[in-house]
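Given next are the chains, with one letter for each unit.
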Amino acid sequence: MVTRILTEKDAAQAAKIIKNGGLVAMPTETVYGLGADAFNKKAVADIFKAKGRPMDNPLIVHIAKIEDLKLLVSDIPEKAIALASAFWPGPLTMVMPKADGVPDEVSAGLDTVAVRYPSHPLAETLILLSGTLIAAPSANLSGSPSPTEAKHVLNDLNGRIDAVLDGGSCEVGLESTVISLVGDRPRLLRPGGVTVEEIEGVIGKIDIDPAVLDRLKQGEKAASPGMKYKHYAPKASVVILKGSDEQYIRYVNDRKAGGVCAICYDEDAERLNVPFFSLGAKNDASAQAKNLFSVLRSVDDSGMKIAYAHCPDINGVGLAVYNRLIRAAGFEVTHLA
Ligand code: TXA
Ligand code: MG
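Computed from a predicted structure; not experimentally measured.

The rules behind the values
Residues numbered from 1 in each chain as written. Chains lettered and ligands numbered in written order. Predicted model: local features only at pLDDT ≥ 70, side-chain atom pairs only at ≥ 80, totals over all residues. Heavy atoms only, no water. Helix = DSSP H or I, 4+ residues; strand = E, 2+ residues; numbered from the N terminus. Rg over C-alpha atoms; globule rule 2.2 N^0.38 Å. Buried < 20%, exposed > 50% of the residue type's maximum accessible area, 1.4 Å probe, protein only. Contact = heavy atoms within 4.5 Å. Areas by Shrake-Rupley, 256 points an atom, 1.4 Å probe, with all protein chains shown as cover. Lys, Arg positive; Asp, Glu negative; His and termini not counted. Charge placed at Lys NZ, Arg CZ, Asp CG, Glu CD. Phe/Tyr/Trp six-rings, centres within 6.5 Å; stacked < 30°, edge-to-face > 60°. Lys NZ or Arg CZ within 6 Å of the ring centre and 35° of its normal. Domains from an automatic or database assignment. Buried area = accessible area lost by both parts, 1.4 Å probe. Salt bridge = Lys/Arg side-chain N within 4 Å of Asp/Glu carboxyl O. Polar contact = N/O pair within 3.5 Å; in protein donor to acceptor, adjacent residues only side chain to side chain. Nonpolar A, V, L, I, M, F, W, Y, C, P; charged D, E, K, R; others polar. Disulfide = S-S within 2.5 Å. Pairing = 2+ DSSP bridges. Axes fitted to C-alpha atoms, helices over the stretch in contact; angles between N-to-C directions.

Asks: Would you mind going over the overall build of the protein chain with me for this structure?
Replies: Scanning the protein chain from N- to C-terminus turns up 12 helices and 16 strands. Rg of the C-alpha trace for the protein chain: 20 Å, near the compact-globule value of 20 Å for 337 residues, within the 12% margin. Seen along its three principal axes, the alpha-carbon backbone of the protein chain occupies a region of about 60 × 50 × 35 Å. Counting only residues that meet the buried cut, the protein chain has 55% of its 337 residues in that class. For the protein chain, the share of sequence-separated contacts (at least 6 apart) that also reach a separation of at least 24 residues comes to 67%. Carbon and sulfur atoms provide 50% of the accessible area of the protein chain, an area that totals close to 14,100 Å². Separation between the mean location of the 37 positive side-chain charges and that of the 41 negative ones in the protein chain comes to 5 Å.

In structure tokens:
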């Protein structure tokens, strides 16, 4: 299969590929998604094949009109309406009771479905022109960092999908916030661009799933199947260092072995005497979110063996940065004394 590179002017062509049961990687404001017709079982199964994704990990369905929620959700929770008015279109995914028409292939056999209304204009155009709804996981090979540029998609999936719709680099840079609205209390399954603080401002206190901050304990069931897999694993070992700025700099500069680099903040850079990759300014969690995945890809391209990461602050969008980074680090955190 030859993967075509399409741009905005080719949106109708991309929509036709979706309509005909093909796979198109599309830009969203979070990361690129690998899209297919959510109601075409064969096309949905092809997504799993192209990514090498475990079949028990369900997909998010993308809509571009609120009315279409009823095609997917059997009983729309009141809190979903409130959250949709506050944050859609945008980087928030809601898990709700699934309507009968949603194929089991999409929900991986669960009786719930995850739905998102993305704000990227090209994603919106593609969904509307396709005349269907688009199921899309992130457009990377399972286990590698999510793509934030069309070239990342091609690195992973060239020859495995019909087309990539190039919409430039993604604004948020990390996948959407996922919240489940099916239990007694809303539960954060994955932190992202819409923060816990913002959500609680609209619907009150929510629970944070333990898998957001920690490794699942042996035998523990993942509320979100995607949380149980090791994610975003770069080839280098990533170690998160928790401590003061001074302790971080001293510890990294004391490593004498070769192949050591730092994943740091702009403010650390000039004091480090190892190669470094900066996530952005220390107090700018949005920049850190936007840069994280390309930094992880760059660490790998550099051939470094160990990357020492400055531990992110877990407030606001920082929680999402920390959540992705501890997975990249295989939950390896060193506390500096
Ligand atoms: O920003 C995003 O969310 C991107 C763009 C393309 O929209 N998509 C994305 O999809 O990150 P993916 O498949 O890489 O991650 C979806 C996450 C997975 O952790 C999956 O397990 C979880 O959402 N999920 C999907 N459906 C679910 C459900 N019914 N119940 C619980 N978790 C679900
Ligand atoms: Mg993914």
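More follows now that the structure is in view.
Asks: Please explain the packing of aromatic side chains as it appears in this structure.
Replies: By convention here, two paired aromatic rings are described through the distance between centres and the angle between planes. What the rule picks out here adds up to two aromatic pairs. Ring geometry for Trp-88 versus Tyr-117: centroids 6.4 Å apart, planes at 55°, classification tilted. With Trp-88 in the loop between α4 (78-87) and β5 (92-97) and Tyr-117 in the loop between β6 (112-116) and α6 (121-130), this pair connects stretches of sequence that are 29 residues apart. Here Trp-88 matches Tyr-117 in class, with each residue buried. With centroids separated by 5.6 Å and ring planes inclined at 80°, the aromatic side chains of Tyr-251 and Tyr-308 adopt a geometry described as edge-to-face. Remark: Tyr-308 occurs in strand β15 (residues 306-310) and Tyr-251 occurs in helix α9 (residues 245-254); sequence separation between them is 57 residues. Residue classification places Tyr-251 among the partly exposed positions, given a relative accessible area of 22%. The exposure class assigned to Tyr-308 is buried, which follows from its relative accessible area of 8%. Sitting over the face of the ring of Tyr-251, Arg-255 holds its NZ or CZ atom 3.7 Å from the ring centroid.

Asks: Before we go on, may I ask you to explain the domain arrangement of the protein chain in this structure?
Replies: Annotation of the protein chain at the domain level lists domain 1 (4-212) and domain 2 (237-335). Placing the centre of domain 1 and that of domain 2 at their C-alpha centroids yields a distance of 28 Å. Every contact between the two is made by 26 residues of domain 1 and, on the other side, 18 residues of domain 2. In this assembly, domain 1 packs against domain 2 so that about 1,600 Å² is buried in total across both faces, 57% of it on carbon and sulfur atoms. The three residues of domain 1 that bury the most area against domain 2 are Pro-145, Leu-174 and Pro-191, which together make up 33% of that side's buried surface. Counting across the interface, domain 1 meets domain 2 through three salt bridges. At the junction of domain 1 with domain 2, the criterion picks out seven residue pairs in polar contact (both at pLDDT 80 or more). Broken down by secondary-structure element, the contributors of at least two residues to the side of domain 1 that touches domain 2 are α7 (150-157), β10 (187-190) and α8 (196-203). Here the side of domain 1 that touches domain 2 takes three residues from α7, the largest share from any one element. Of the residues in the side of domain 1 that touches domain 2, the class split is 11 nonpolar, 10 polar and five charged.

Asks: Whenever I open this one, the state of the cysteines confuses me. Can you help?
Replies: As used in these notes, a disulfide is a covalent bond between sulfur atoms, one from each of two cysteines. In this structure the tally under the stated criterion is zero disulfides. With no disulfide of its own, Cys-264 lies closest to Cys-261 among cysteine sulfurs, the gap being 9.4 Å. When its relative accessible area of 0% is taken as the criterion, Cys-264 is described as buried.

Asks: Even after reading the chapter, I still don't get the sheet that holds strand β16 (residues 333-335), so can you show me in this structure?
Replies: Each strand in a sheet pairs with its neighbour through backbone hydrogen bonds, running either in the same direction (parallel) or in the opposite one (antiparallel). Pairing is parallel across the open sheet formed by five strands, whose spatial order is β14-β13-β15-β12-β16. Taken across any chain shown, the strands that pair with only one partner, and hence form the sheet edges, are β14 (276-278) and β16. Between one strand and the next, the sheet's axes are offset by a mean angle of 25°, whatever the strand orientation. As paired strands, strand β12 (residues 237-242) and β15 are joined by five bridges and run parallel to one another.

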